[in-house]
Amino acid sequence: MKGLAEAKAAIIKAQNQDQLYKAVESICFDAGYRFADDCDLRENAELALLQGKPGVAELLRFADIKEGKL
């Protein structure tokens with residue numbers, strides 16, 4: 001997985017929802033987490049935490065906040 005700061009920077013740089021989800025997809029892929037398409041970012045954060053991926057969960061929660069600002 002990319003470094004936490006680098007991953008957060010990719011989320012911050014997102015100018016629209018498409019760019020945000022591309023950043024999230026890349027982060028999840030790098031971390032070996034399979035994003036559940038039928039869940040939103042917050043729900044995926046909870047699933048990642050349950051699967052023992054606290055770093056991914058933190059980034060997904062951060063992306064959820066960013067999505068609310070787009």
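Residues numbered from 1 in each chain as written. Predicted model: local features only at pLDDT ≥ 70, side-chain atom pairs only at ≥ 80, totals over all residues. Heavy atoms only, no water.

Peer 1: Which residues make up the packing of helix α3 (residues 41-50) against helix α4 (residues 54-69), and what are the values?
Peer 2: Where α3 meets α4, the axes come as close as 8 Å, and the angle between the chain directions of the two elements is 170°. When the axis of α3 is compared with that of α4, the two are roughly antiparallel. Across the interface between the two elements, Leu41, Arg42, Asn44, Ala45, Ala48 and Leu49 of α3 pack against Pro54, Val56, Ala57, Leu60, Arg61, Ala63, Asp64 and Glu67 of α4. (Axes fitted to C-alpha atoms, helices over the stretch in contact; angles between N-to-C directions. Helix = DSSP H or I, 4+ residues; strand = E, 2+ residues; numbered from the N terminus. Parallel < 35°, antiparallel > 145°, perpendicular 65-115°, else oblique. Contact = heavy atoms within 4.5 Å.)

Peer 1: Any chance you could break down the nonpolar core for me, citing the residues and the numbers?
Peer 2: The nonpolar side chains of a soluble globular protein tend to be buried, and buried together. One finds Val24, Cys28, Leu41, Val56 and Leu60 to be the most contacted residues of the largest nonpolar core, which totals 18 residues. Going through the elements one at a time, α1 (4-13), α2 (17-31), α3 and α4 are the ones with two or more residues in this core. (Core = buried A, V, L, I, M, F, W, Y, C linked by side-chain atoms within 4.5 Å. Buried < 20%, exposed > 50% of the residue type's maximum accessible area, 1.4 Å probe, protein only.)

Peer 1: Which residues make up the environment of Leu49, and what values do they have?
Peer 2: Among the secondary structure elements, Leu49 is positioned in helix α3. Residue Leu49 is classed as partly exposed on the basis of its relative accessible area of 46%. Setting aside its immediate chain neighbours within four residues, Leu49 contacts Pro54, Ala57 and Arg61.

Peer 1: So what's going on with the packing of α2 against α4? Which residues, and what values?
Peer 2: Two numbers describe how α2 lies on α4: the axes approach to 11 Å, and their chain directions differ by 180°. The orientation of α2 with respect to α4, classified from their angle, is roughly antiparallel. From α2, Gln17, Leu20, Tyr21, Val24, Ile27, Cys28 and Ala31 reach across to α4, where they touch Val56, Leu59, Leu60, Ala63, Lys66 and Glu67. Here the residues of the contact of α2 with α4 are counted per class, giving 10 nonpolar, 1 polar and 2 charged. (Nonpolar A, V, L, I, M, F, W, Y, C, P; charged D, E, K, R; others polar.)

Peer 1: An account of the confidence of the model for the protein chain is needed here, citing residue identities and associated values.
Peer 2: In the predicted model, the protein chain carries a mean pLDDT of 93, and the fraction of residues at 70 or more is 97%. Least confident of the elements in the protein chain is α1, whose mean pLDDT is 92; most confident is α3, at 97. (pLDDT = per-residue confidence, 0-100.)

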